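Here is how the chains run, residue by residue.
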Amino acid sequence: MPITYIEAIREAQARALAEDPRVFIYGQDIGAFGGAFKATKNLASDYPGRVMDAPISEDAIIGLGVGAAIEGRRPIIEMQFADFSTVAFNQIVNQAATLFWRTNVPCPITIRLPCGGTSGSGPFHSQTMESIYAHYPGLIVMTPATVEDAYSMLLEAVAIDDPVIFCEHKLLYYHLKADKLPSEALPTGKARIAREGRDMTIVAYSAMVHEALLAADDLATEGAQIEVVDLRSVKPLDTDTVMASVARTGRLLCVGESWPWGGVTAEVIARVASEGFGLLDAPPQRLNAKDTPIPYHPSLWAAHRPTARSIAAAARNVLRK
Amino acid sequence: MPITYIEAIREAQARALAEDPRVFIYGQDIGAFGGAFKATKNLASDYPGRVMDAPISEDAIIGLGVGAAIEGRRPIIEMQFADFSTVAFNQIVNQAATLFWRTNVPCPITIRLPCGGTSGSGPFHSQTMESIYAHYPGLIVMTPATVEDAYSMLLEAVAIDDPVIFCEHKLLYYHLKADKLPSEALPTGKARIAREGRDMTIVAYSAMVHEALLAADDLATEGAQIEVVDLRSVKPLDTDTVMASVARTGRLLCVGESWPWGGVTAEVIARVASEGFGLLDAPPQRLNAKDTPIPYHPSLWAAHRPTARSIAAAARNVLRK
Amino acid sequence: MLQTVLNHGAVGESTFRETYQRAYRYMLLSRVLDDKFASLYRAGKIHGGVFLGRGQEALSVSTGMVLRKGDVFAPLIRDAAGRLAFGEPVLDAVRTYLGSPLGPMRARDGNVHRGRPKEGLLPMISHLGAMISVVNGALLARRFSGDTEAIGAASIGDGATSTGAVHEALNQAAIEKLPTIVVIANNQYAYSTPNERQFACRSLADRAMGYGIECQSIDGTDLEACLKALGRAADSARAGRGPQMIVANLLRLCGHGEHDDANYVLAKHKSSPIGRDCLKAAEEELQCRNWADANTIAGWRAESVQKVEQAVATVQREAGPDPFKETWCAISSKHLSEGMDGEFKS
Amino acid sequence: MLQTVLNHGAVGESTFRETYQRAYRYMLLSRVLDDKFASLYRAGKIHGGVFLGRGQEALSVSTGMVLRKGDVFAPLIRDAAGRLAFGEPVLDAVRTYLGSPLGPMRARDGNVHRGRPKEGLLPMISHLGAMISVVNGALLARRFSGDTEAIGAASIGDGATSTGAVHEALNQAAIEKLPTIVVIANNQYAYSTPNERQFACRSLADRAMGYGIECQSIDGTDLEACLKALGRAADSARAGRGPQMIVANLLRLCGHGEHDDANYVLAKHKSSPIGRDCLKAAEEELQCRNWADANTIAGWRAESVQKVEQAVATVQREAGPDPFKETWCAISSKHLSEGMDGEFKS
Ligand SMILES: Cc1ncc(C[n+]2csc(CCOP(=O)(O)OP(=O)(O)O)c2C)c(N)n1
Ligand SMILES: Cc1ncc(C[n+]2csc(CCOP(=O)(O)OP(=O)(O)O)c2C)c(N)n1
Ligand SMILES: [Mg+2]
Ligand SMILES: [Mg+2]
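Residues numbered from 1 in each chain as written. Chains lettered and ligands numbered in written order. Predicted model: local features only at pLDDT ≥ 70, side-chain atom pairs only at ≥ 80, totals over all residues. Heavy atoms only, no water.

Student: Is there a simple way to think about the relation of the copies chain B and chain A in this case?
Tutor: Taken together, a rotation about one axis and a shift along it account for how the two chain copies relate. Rotating chain B by 180 degrees about the axis while translating it 0.0 Å along that axis superimposes it on chain A, leaving an RMSD of 0.0 Å. The superposition of one copy onto the other is thereby described by a two-fold rotation axis. Interface residue correspondence from chain B to chain A reaches 100%, placing this contact among same-surface, isologous pairings. (Least-squares fit on C-alpha atoms with pLDDT ≥ 70 in both. Contact = heavy atoms within 4.5 Å.)

So, in structure tokens, the structure goes:
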């Protein structure tokens, strides 16, 4: 029977708890309640004492995780929403991210961030923060777009000796399904060709991969073959795969759900422009969310973030040039 | 007699207090003590009750500023170091930055961030954060490079009805001098041609403008005429002036002191690549600090940040292509 | 429009009987309003979550009642009653929940994230604890303007007391001796998390001494106790005695949000005194004091239902927001805005 | 190398006289070390700031003394004495201040930002209050491993108590009943800011009740009082009585840093009992108890001077870091690193 994106995350955590006694999970309402999104359903009873409810103290939640990581534990922290990691910001970027470089002691903490817009969630329950965390040295930032990646990359995250910001997309939680859990996966840091095409490259990640694929279907009916690259992790960012795709297509559109100033799309285009300038037959373009907080009303929300339609429109521009 | 960058900041605050009864200043040790860098020297005695020492509570410091701004005051907040704004992060990006868009009530708060590396300051007293704050909708981010801009832009910041992140560079505080305070200035959002040249454009801001100018002097001895653009503010970012310069020179190097992933240099190059692709005769390049925390030891620190020498080297590469 | 509804005056300005009656009627109106939102939610007519104040109306209304026009109020997610008492129009609530562009948040923000800063009603951001220092700032501004009358109030829950923001703001208010009332509704749970996983002190009231501020502990299901405690707090704040803390014991008689069946709430709480419905209790009180008979109350209820239904009918006729008319500009200084969309056409 | 110096055992394991003597000798050594750093600073031999523990040695050393090998310690900027007592080699301090690549921070971080996480000595980040929850996590990990012996301690100042981080961490420790000691050195000022602008409670000890934890208030200039209070706290923590708070009254007998002349420190403090030099006081105590005479103490001082001078001489012969040998990689998973410099050559 099919498994959803959120179930995959739950299964990955169950497996991590089962296979590695160093793993524990800490976050708000994740114990008996199973978490706001049920990502830890039954884990507290299956692994007594290792799935702990936290107070509403995000700063101390991350601080505790770092202390445990120093001692060799493998904490998985669930932020109830990515948006609330702003009150844990200092512990993430200045404590967890700097520990290894300063002391040579690794900090294997995994911080799960339920990210991204869902209709009606508004300015403070819809944010994606990959563009913020990826700016900081010492962090790895994963942005899985598929059920399979949600599962295998979360297991990878727990295995990695460095702090990992694991950006889960809430819009994919219940709708996105796979037939079964993967037995193998690409290594962290490798992007994936989600769809092959020779006319242009659309680089995307997380939920935007699916919007890009829909746009590609749409454009296919107009005779354009679009290649869609799923970055999978934005730091490290697989420049090679992106460059190789642009080398084939000569055209690039980069799509992200975060805000337009800076961030993933700027980084991708800057890398291609500086390292693959000669590969480009047309100016590389980008599409992001609009430069305002994320609106509450569904019709505003739908216009705020990139969608299959706006991606297709942007892609047509790139193809025309 | 000459006036320094920090004195200009002090004078701008004195003038703001004198001319606008709505202005007050709040921050740690800024009262009788005059601030860690003496940016508020004598202001507490000159303007009794309007220059207030704050507890070590950055979150509440910004929150208080926002509340006062709602009521029509013009708070100037001094963070003791930009690095410590991470514990006020939520109030800055989610409270101050969202207020106008959500409620149509402006939030005229100025947040002064002593930024940037100085030798021996280490990972937590050297950070520049313009690349983080500029990502957020609702904020204006100023990065003055000169004594004149430090003065006039700070007065602008206080006058603007929106939250302004005012990034002062500590390395310029005492060394950078001008003969007198300016009587006029470029409007906010306009970049400045700091040096004219026809062979290539170096875009920089804050302390990096001076490193870029030194590099340009150096390259002039090799016969290359380098144009240096001082962005002055990174949000808004004056794409037009940058584009016009690149139109003249055909070559672009963008230099920033913040970390390499994302940020100002990525944003500038992404804009030029997507909107001014045809203007470029060579791949645009970027130079940032290295992707680690900022080192304590002077010799490591000097190698971590871009300098006149590394900028000149990067520029030679661009010229060769 | 807000003005007309505002300024009910503090306890004592009118007889306590009238105050109690008015308080009850706001509680009733807020309950009816909450029930309406719940049914709209079940009918799939509301985008996102719905958060009710069921069981907390007595405490909430008392906060709203003791505040006057010109005061500052930062309500939280269970404050429909207090908002109404402070003067928030029913239409503001309905328009914000239904995403009408005519509402104070213009469909940009929703449900409980609403307010009118210029009327002293601060719209919460979601991050718990973040509003208390904002109230501090508003009160400091009043002090700068020579306004010695205004006070402020902020609501938080037991869970929010664990945030660093609340600690910093309470300490800040105490240092500046600001006239603010921090009202802690201890409804035993933070979402699903019980007090035992939230703090280890005997009572949250034990925190007040650590800030050097005054505190009262009350039964949050007893309207009279709430009105009197808030009244005392307001008087003390206005008298310049600095920040006031209230810790009210009660129980959330609903899910965290309407999506939550709250099956984690222990029976022992439900059957304990804090488990009683403060609205019913106030109703019984009104009757046995002969301050209102069953008919009067039925009439009040009918009035409330009519008010709410009318507001909902009005808003349901209002057009939704038009994304193409939206300026997509997050700053008021339009000339400094960087273009209208994610592509930065410049 | 750290091991050998570690594990002095808690008060009571040896006679109090020996404990007091040992404590005094660490205080003396730290004072000599601090003085050396101050003179190196004045000579322009140190990059960045220098932060001393002058006047706080009695409290600091007591914290270090009651901790054992296997315990966790997060010292702050005025803890040279406590660090030495806990087992930090003089060389670690000197190498970190002088930026030697052979030091534990390898010239990447400096001055008081030093430690050895794997030895239980946590290197502070500058953000005040941030280390307490890290100690909580380390102790939780010990609990997971079935280690019921280990305790932890974290130092903070009066100013740091205003941070949200401290509140969250104290509350977290109380909820989990972790064996941690939070030692608050109230030296009357945070940089230039006096207590009156930092908090409004009568004593910071009044905060303990709000977390449901035990607390002792002590004279931070009295070595015996400090040793005994910390000893009691350590015993209580080891006995499973949960977090322990200590509030010590004392005065910073130096500037905030060596750049600061501290002219803002009021005479009333300097002339008050808390203004006395705890090192001199302990020295007098030793003599009038006949636990050490002037010669012995002079010998100890000479020994300390020799230790410190030797360490400085050694480190000054060590080569500085080579930026070209630096890998510039902030993560341990080298294969996931994004290239070595700001240009991302890939
Ligand atoms: C800083 C922060 N962390 C987490 C959340 C998610 N959240 C929203 S309400 C809530 C529970 C609040 O409990 P309490 O403060 O007791 O208020 P109640 O809901 O019981 O009225 C949580 C955890 C949040 N809004 N802000
Ligand atoms: C979050 C944060 N804000 C500001 C600072 C800057 N700062 C460093 S030390 C200090 C004063 C600390 O005072 P206190 O806690 O009393 O310790 P003391 O220096 O008196 O020992 C300040 C404000 C900081 N390090 N961290
Ligand atoms: Mg609650
Ligand atoms: Mg102090």
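Student: Teacher, can you tell me more about the site of ligand 1 here?
Tutor: Taken together, 19 residues surround ligand 1, and among them A:Glu58, C:Arg78, C:Gly159, C:Asn187 and C:Tyr189 come closest. When the free accessible area of ligand 1 is taken as 590 Å², the share hidden by the protein chains comes to 94%. Here the shell around ligand 1 is built from residues that sort into eight nonpolar, eight polar and three charged. (Near = heavy atom within 4 Å. Areas by Shrake-Rupley, 256 points an atom, 1.4 Å probe, with all protein chains shown as cover. Nonpolar A, V, L, I, M, F, W, Y, C, P; charged D, E, K, R; others polar.)

Student: Which parts of the structure should I look at to understand the site of ligand 2?
Tutor: Near ligand 2 lie 19 residues; those nearest to it are B:Glu58, D:Arg78, D:Gly159, D:Asn187 and D:Tyr189. Surrounding ligand 2 is a set of residues that belongs to chains B and D. Contacts to ligand 2 include D:Asp158, whose side-chain N or O atom sits 2.9 Å from an oxygen atom. Contact distances for ligand 2 include 2.9 Å between an oxygen atom and a backbone N or O atom of D:Gly159. Considering ligand 2 on its own, with 580 Å² of exposed area, one finds that the protein chains cover 95% of that surface. (Polar contact = N/O pair within 3.5 Å; in protein donor to acceptor, adjacent residues only side chain to side chain.)

Student: I keep staring at the sheet that holds strand E7 (residues 244-249) of chain D and nothing clicks. Help me out?
Tutor: What holds strands together in a sheet is hydrogen bonding between their backbones, with the strands either parallel or antiparallel. Residues and elements named next belong to chain D. Judged by pairing direction, the sheet is parallel, and its five strands sit side by side in the order E1-E2-E3-E7-E6 without closing on themselves. Taken across any chain shown, the strands that pair with only one partner, and hence form the sheet edges, are strand E1 (72-74) and strand E6 (214-219). Here the average twist between neighbouring strands, direction ignored, is 15 degrees. (Pairing = 2+ DSSP bridges. Helix = DSSP H or I, 4+ residues; strand = E, 2+ residues; numbered from the N terminus. Axes fitted to C-alpha atoms, helices over the stretch in contact; angles between N-to-C directions.)

Student: I keep staring at the side chain of A:His169 and nothing clicks. Help me out?
Tutor: All names here are of chain A. Here His-169 shows up in strand E7 (residues 164-169). Using a relative accessible area of 1% as the deciding quantity, one classes His-169 as buried. Excluding residues that lie within four positions of it along the chain, His-169 makes contacts with Tyr-5, Cys-115, Gly-116, Gly-117, Ser-206, Ala-207 and Glu-257. (Buried < 20%, exposed > 50% of the residue type's maximum accessible area, 1.4 Å probe, protein only.)

Student: Hey, could you run me through the coordination of the magnesium ion (ligand 3) in this one?
Tutor: All names here are of chain C. Within the protein, the atoms that donate to the magnesium ion (ligand 3) are Asp-158 (OD), Asn-187 (OD1) and Tyr-189 (O), at distances of 2.0 to 2.1 Å. Look at where the donors of the magnesium ion (ligand 3) fall in the sequence and you get D-x28-N-x1-Y. By relative accessible area, which is 5% here, Asn-187 ends up buried. (Donors = N, O, S within 2.8 Å, 3.2 Å for Na, K, Ca; no water.)

Student: Explain the side chain of A:Thr103 here, please?
Tutor: Examined against the element boundaries, A:Thr103 turns out to sit in helix H4 (residues 89-103). Reaching out from A:Thr103, the side chain makes a polar contact with the backbone nitrogen of A:Val105 at a distance of 3.1 Å.

Student: Is there a simple way to explain the interface of chain B and chain C in this structure?
Tutor: The accessible area lost on association of the parts is a frequent measure of interface size. Contact with chain B, which involves 49 residues of that partner, is made by 45 residues of chain C. Here chain B packs against chain C, burying approximately 3,800 Å² in sum over the two surfaces, 58% of which is carbon and sulfur. If you look at where chain B meets chain C, you find three salt bridges. In this structure, the salt-bridge partner of C:Arg142 is B:Glu71, at a minimum N-O distance of 2.6 Å. Our count for the chain B to chain C interface comes out at 22 residue pairs in polar contact (both at pLDDT 80 or more). (Buried area = accessible area lost by both parts, 1.4 Å probe. Salt bridge = Lys/Arg side-chain N within 4 Å of Asp/Glu carboxyl O.)

Student: Explain the pattern of salt bridges to me, please; I cannot follow it from the model alone.
Tutor: Any two side chains of opposite charge can pair, given that their charged atoms come close. For the structure on display, the rule yields 90 salt bridges over all chains. Between D:Asp71 and D:Arg238 there is a salt bridge whose closest N-O contact spans 2.7 Å. Here D:Asp71, found in the loop between helix H3 (57-66) and E1, pairs with D:Arg238, found in helix H8 (residues 223-238); they are 167 residues apart in sequence, far enough to count as distant. It is possible to trace a salt-bridge network through shared partners that takes in A:Glu267, A:Arg271, B:Arg286 and D:Glu338.

Student: Would you mind going over the coordination of the magnesium ion (ligand 4) with me for this structure?
Tutor: Around a metal, the ideal angle is 109.5 degrees if four donors adopt a tetrahedral arrangement and 90 or 180 degrees if six donors adopt an octahedral arrangement. Residue and element names in this part refer to chain D. Taken together, Asp-158 (OD), Asn-187 (OD1) and Tyr-189 (O) make up the full set of protein donors to the magnesium ion (ligand 4), lying 2.0 to 2.1 Å away. In primary sequence terms, the donor set of the magnesium ion (ligand 4) follows D-x28-N-x1-Y. Take Tyr-189: its relative accessible area is 5%, and that puts it in the buried class.

Student: So what exactly am I meant to see when it comes to the interface of chain B and chain A here?
Tutor: Chain B puts 47 residues into the contact, and the matching count from chain A is 48 residues. Summed over both partners, the interface of chain B with chain A comes to about 4,400 Å²; 70% of that surface belongs to carbon and sulfur atoms. Joining chain B to chain A, the criterion identifies four salt bridges. Residue B:Arg286 pairs with A:Glu267 through a salt bridge whose shortest N-O separation is 2.9 Å. At the boundary of chain B and chain A, one finds 18 residue pairs in polar contact (both at pLDDT 80 or more).

Student: What am I meant to see in the pairing of strand E5 (residues 110-115) of chain B here?
Tutor: Looking along a regular strand, one sees side chains alternate from face to face of the sheet. Residue and element names in this part refer to chain B. When you tally the buried positions in E5, you get six out of six residues, the bulk of the element. On E5, burial covers both faces: Thr-110, Arg-112 and Pro-114 on one face and Ile-111, Leu-113 and Cys-115 on the other are all buried. Across three bridges, the pairing between strand E4 (residues 74-78) and E5 is parallel. Within the sheet, the bridge partner assigned to Ile-77 lies in E5 and is Ile-111. Note that the unit made of E4, helix H4 (residues 89-103) and E5 has a crossover that is right-handed. The pairing of E5 with strand E7 (residues 164-169) spans six bridges and is parallel. The partner of Cys-115 across the bridge, within E7, is His-169. (Right-handed = clockwise from strand over helix to strand, strands pointing away.)

Student: Just checking my understanding: could you explain the sheet that holds strand E14 (residues 285-287) of chain A for this structure?
Tutor: All names here are of chain A. Read from one edge of the open sheet, five strands run E9-E11-E10-E13-E14, paired in mixed fashion. Edge strands, defined here as strands with exactly one partner in the open sheet, are strand E9 (192-195) and E14. Going across the sheet, the axis of each strand differs from the next one's by a mean of 25 degrees, ignoring polarity. Of the pairings in the sheet, the one linking E9 to strand E11 (residues 226-230) comprises three bridges and is antiparallel in character. Residue Arg-192 lies in a different strand from E11, and its bridge partner there is Asp-230. Here helix H8 (residues 239-249) sits on the sheet in contact with E9, strand E10 (200-204), E11 and strand E13 (252-255), set at roughly 175 degrees to E11.

Student: Looking at this model, I keep getting lost on the nonpolar core. Mind explaining?
Tutor: The tendency in soluble globular proteins is for nonpolar side chains to be buried side by side. If you look at the biggest cluster of nonpolar residues, it comprises 324 residues, and the most contacted ones within it are A:Tyr133, A:Val268, B:Tyr133, B:Val268, C:Leu59 and D:Leu59. In contact with B:Val268, not counting residues within four places along its chain, are B:Val203, B:Leu231, B:Leu237, B:Val242, B:Leu252 and B:Cys254. A:Ile9, A:Phe84, A:Ala207 and D:Ile331 belong to the second-largest nonpolar core, a separate cluster that totals 42 residues. (Core = buried A, V, L, I, M, F, W, Y, C linked by side-chain atoms within 4.5 Å.)

Student: Just to check I follow, could you spell out the packing of aromatic side chains for this structure?
Tutor: When we look at a pair of aromatic rings, we describe it by the centre distance and by the angle of the planes. By the definition in use, this model includes 38 aromatic pairs over all chains. Between A:Phe37 and A:Phe81, the aromatic rings sit 5.2 Å apart at their centres with planes inclined by 70 degrees, giving edge-to-face as the arrangement. Here the residue A:Phe37 occupies a position in the loop between strand E2 (23-27) and helix H2 (43-46), and A:Phe81 occupies one in the loop between strand E4 (74-78) and H4, the gap between them amounting to 44 residues. Classification of A:Phe37 by relative accessible area gives buried; the value is 14%. Measuring from centroid to centroid gives 5.9 Å for D:Tyr24 and D:Trp300, while their planes differ by 45 degrees, and the two rings are tilted. With D:Tyr24 in helix H2 (residues 16-42) and D:Trp300 in helix H11 (residues 294-317), this residue pair connects regions lying 276 residues apart in the sequence. Take D:Tyr24 and D:Trp300: they sit in the same class, and that class is buried. It is C:Arg289 that lies over the ring of C:Tyr20; its NZ or CZ is 5.4 Å from the centre. In this structure, D:Lys228 is placed above the aromatic ring of D:Phe16, and the distance from its NZ or CZ to the ring centre is 4.6 Å. (Phe/Tyr/Trp six-rings, centres within 6.5 Å; stacked < 30°, edge-to-face > 60°. Lys NZ or Arg CZ within 6 Å of the ring centre and 35° of its normal.)

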